[in-house]
Amino acid sequence: MIASHLLAYYFTELHHDHVQKVDKFLYHMRLSEENLMDVSMRFRKEMDKGLGRDTNPTAAVKMLPTFVRSTPDGTETGDFLALDLGGTNFRILLVKVSSNGKQKVEMKNQIYEIPENIMRGHGTELFDHIAECLADFLEKMGIKDKKLPLGFTFSFPCQQTKLDEHVTMFASVQSFLVSWTKGFKASGVEGKDVVGLLRKAINKRGDFDIDIVAVINDTVGTMMTCGYDDHHCEIGLIVGTGTNACYMEEMRHLELVDGDEGRMCVNIEWGAFGDDGSLNDLRTEFDREIDAGSLFPGKQLFEKMISGMYMGELVRLILVKMAKDGLLFQGHTTPDLLTTGHFQTSVISAIENERNNEGLVSAEKVLRGLGLDPSPEDCVATQRVCQIVSTRAAHLCAATLAAVLRQIRDNKAAEKLRTTIGVDGSVYKNHPQFARRLHKMVRWLVPDCDVRFIRSEDGSGKGAAMVTAVAYRLAKQHAERQRTLDTLRLSRDQLLKVKKRMEEEMCRGLAKETHDKATVKMLPTFVRATPDGTERGDFLALDLGGTNFRVLLVRVRSGKRRSVEMHNKIYAIPQDIMQGTGEELFDHIVHCIADFLEYMGMKGASLPLGFTFSFPCHQTKLDQGVLIKWTKGFKASGCEGEDVATLLKDAIHRHEEFDLDVVAVVNDTVGTMMTCGHEDPQCEVGLIVGTGTNACYMEEMSNVELVDGDEGRMCVNMEWGAFGDSGELDDVSTDFDRGVDEQSAYPGKQRYEKMISGMYLGEVVRNVLLDFTSKGLLFRGKLSERLKTRGIFETKFLSQIESDRLALRQVRTILQHLGLTTSTCDDSILVKEVCSVVSKRAAQLCGAGLAAVVDKIRLNRKLDQLKITVGVDGTLYKLHPHFSTIMRETLKDLAPNCDVTLVQSEDGSGKGAALITAVACRLRDAKK
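Residues numbered from 1 in each chain as written. Predicted model: local features only at pLDDT ≥ 70, side-chain atom pairs only at ≥ 80, totals over all residues. Heavy atoms only, no water.

A few words on the overall build of the protein. For the protein, the count of helices and strands is 30 helices and 26 strands. Its C-alpha atoms give the protein a radius of gyration of 39 Å, clearly above 30 Å, the size a compact globule of 928 residues would have. With the C-alpha coordinates of the protein rotated into their principal frame, the extents come out at 125 × 70 × 50 Å. Out of the 928 residues belonging to the protein, those deemed buried represent 58%. Partitioning the contacts of the protein with sequence separation of at least 6, the portion at a separation of at least 24 is 71%. Total accessible area on the protein is roughly 38500 Å²; 48% of this is exposed by carbon and sulfur atoms. Looking at charge distribution, the protein has the averaged site of its 117 positive side-chain charges lying 2 Å from that of its 131 negative ones. (Helix = DSSP H or I, 4+ residues; strand = E, 2+ residues; numbered from the N terminus. Rg over C-alpha atoms; globule rule 2.2 N^0.38 Å. Buried < 20%, exposed > 50% of the residue type's maximum accessible area, 1.4 Å probe, protein only. Contact = heavy atoms within 4.5 Å. Areas by Shrake-Rupley, 256 points an atom, 1.4 Å probe, with all protein chains shown as cover. Lys, Arg positive; Asp, Glu negative; His and termini not counted. Charge placed at Lys NZ, Arg CZ, Asp CG, Glu CD.)

What follows is the structure, given as structure tokens:
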């Protein structure tokens, strides 16, 4: 009878009139899309305040760190306990998580009561009771003798502070109760660490032991539960009796916690949004009345506009006001309608049920239950009031959620964000329209976010277990990764041994008797002095080391205004000339020199020339270099075993356009020392750390047994890249180094260089990443074909990844460029750590070698303290963000009696060659 009566009425014009009447009365509750966008922007600013160290104390939205640093990846396994405490009853759960290629979670649980006298007694009694129930549960499950990890859902306001050392970096295990709620008043607990109190109660019993790994709230549990089924889930949302949200934030934005790498789940505590007055323009007289009558006036104002605890009361207050204004119930009210709490949120869900107009039937039933005699118009109006109140709640929730989504999207610098939100709570689950309205408004507010909503299954129980499972997975993986990386970390004792062995090999290379067997060849360069500032004149330099080469005119000026002015031109060497005859190659070089002299307006000039020839050579004089072997794609016939200076002179004579005085054949290490030596007379060491590595220094002639004469000094080209070829580095070498060596063009050769230089560091990193991936410690165990490709991980990526200015999302972009599209934030952190460990070892090894060089110079000169400058060049030294600092620190530590200044070289292969020529000319002129 009621149903048909209302149904007939529902379709009359009167229905429309009464809806309009309510809409007009509740005008301020009906928020426009522009209003909601504005709320979203306001909330984003509140999030920023909560994240900032300086602004957090005054922020209404607290953005609390949870110390949960990762979401499930589906590989978690094991048995875990969960303790869910949040009311007069609490639960203990045994959660079995298995993967075996198919994720599975089995749960057994039991509910225990907390008697009222214990809830309101002393805290010791409360935690003793919980420990007793735990013992009972473990006994019933037959697992009392096992020490299982436990996750603790403690749904009271808490401040979490630090991490457990056992699972460092992964889960919070200290949680200080701020204040009891929900009828609890156990004394001696507020302000105390609830985990410590529970541990104390368990230890007092002594009949079982558990490992409390994590304390969480239900929002985090919701995110983790959904995250187990959907790896894109990085937001948790609760809309029930109360409301809150959490999400995975970049550590670099979370100023309340030390460290700026990775992510951490932030408990937003968004119910307090508006407590500082930021929502005053949107709050209605009904919102203010609800707040005034609440337990905590002025607090949780946003929650009071959204959550199930207050939604029914809002509707009741509106109905009362409309009745008193004569708009409903013929102006009548009843004692039940005037009684707080007599209009439950659950009845809103029933009244808004649109199926076969069941909602209007429910409205009449509810109103009659309040002692009213509603007309059909009253039922329609009541339904409309419910719709407006619940729609406002859904839309306000959407506005704040949109701000969180924008934050995550901006963190990732993504044009379109794809993410999942795990949701729980009675309003979201039970209200027939709430979820649909929320989803629709979120998609309107953030169209550039592809959002999936999934309902959580037992976030407070299963979620606590999942936090614990993730913490244990990460702890286990962390320990295994560190064991591997520790093989690449060098102790001070190991570095001192490297330094000592380098010193021994240097002595063997200098001595005539042991030179042939020495790995460090200590080749004489016949460069006998560094610049003294009196050099002057015009010099040509020729820099040949690849498919392009340079011709330079270098004008050196002495006196007060010492200067070096350079002009150069780059020329290509065609492939057919690189692989033709030696005559063709050197004729081409001379033709380019002639072109350069004409270009400079110096056709026919006769100038001294320094020849930087970056191929393996044996020198017996400064102006002579016998090519041992072509490299870098050159195969010109008739050159190996010949003096390249003679080959160049012969070509000049064949050309007969100009004459040059080939004064010096040099390598780039010596050029580096000479370039820096022109600016700093104390520069007596040259170092290259780029694609390859090498060093040279000024040695006492009395120690250079391969050259006659004991007077003065000579620059020695150490060729230190071969250090270790006789096993000197075996004890600091790893399987990754051996893999790189075996796959190289010259296995067993240049072992020191393969642990230091740019040509090989990327490959060492790639080998480590392959190892980690094969063990399931990286990229979820999925090997990409690109990562299997030798040389794909270039050393430049180390410099980019280790840049302090580079966010992890940019690291991820580099990994995606390498075909590692499945990489996660955690993967990016690990890749960065691997790069850091490998490059640090390289810098330390280089520092140890350099320490041997400067200490030898100090001992040569019988000095207690040596002050010396080292000229350095090379892409790795120049471009890597930390290499030079680590090398300098190692050098200072291992050679404390040497005050070393490192100076970056400017064009050692061009300017350096000219300066060697200038010094040689000065010495030659002095002899004359």
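Next up on the list: the sheet that holds strand β2 (residues 78-85). Pairing within the open sheet is mixed, and its five strands lie in the order β4-β3-β2-β5-β8. What marks the edges here is a single partner per strand, and that holds for β4 (104-113) and β8 (210-216). Pairwise comparison of adjacent strand axes, ignoring direction, gives a mean angle of 25 degrees for this sheet. Across six bridges, the pairing between strand β5 (residues 148-154) and β8 is parallel. Paired with L148 across the strands is I210, a residue of β8. (Pairing = 2+ DSSP bridges. Axes fitted to C-alpha atoms, helices over the stretch in contact; angles between N-to-C directions.)

Our next topic: the side chain of T468. With respect to the helices and strands, the residue T468 is situated in helix α16 (residues 462-486). Residue T468 is classed as buried on the basis of its relative accessible area, which comes to 0%. A polar contact of 3.2 Å, which involves the side chain of T468, links it to the backbone nitrogen of G151. What T468 contacts, discounting residues up to four positions off in sequence, is F80, P149, L150, G151, V213 and A214. (Polar contact = N/O pair within 3.5 Å; in protein donor to acceptor, adjacent residues only side chain to side chain.)

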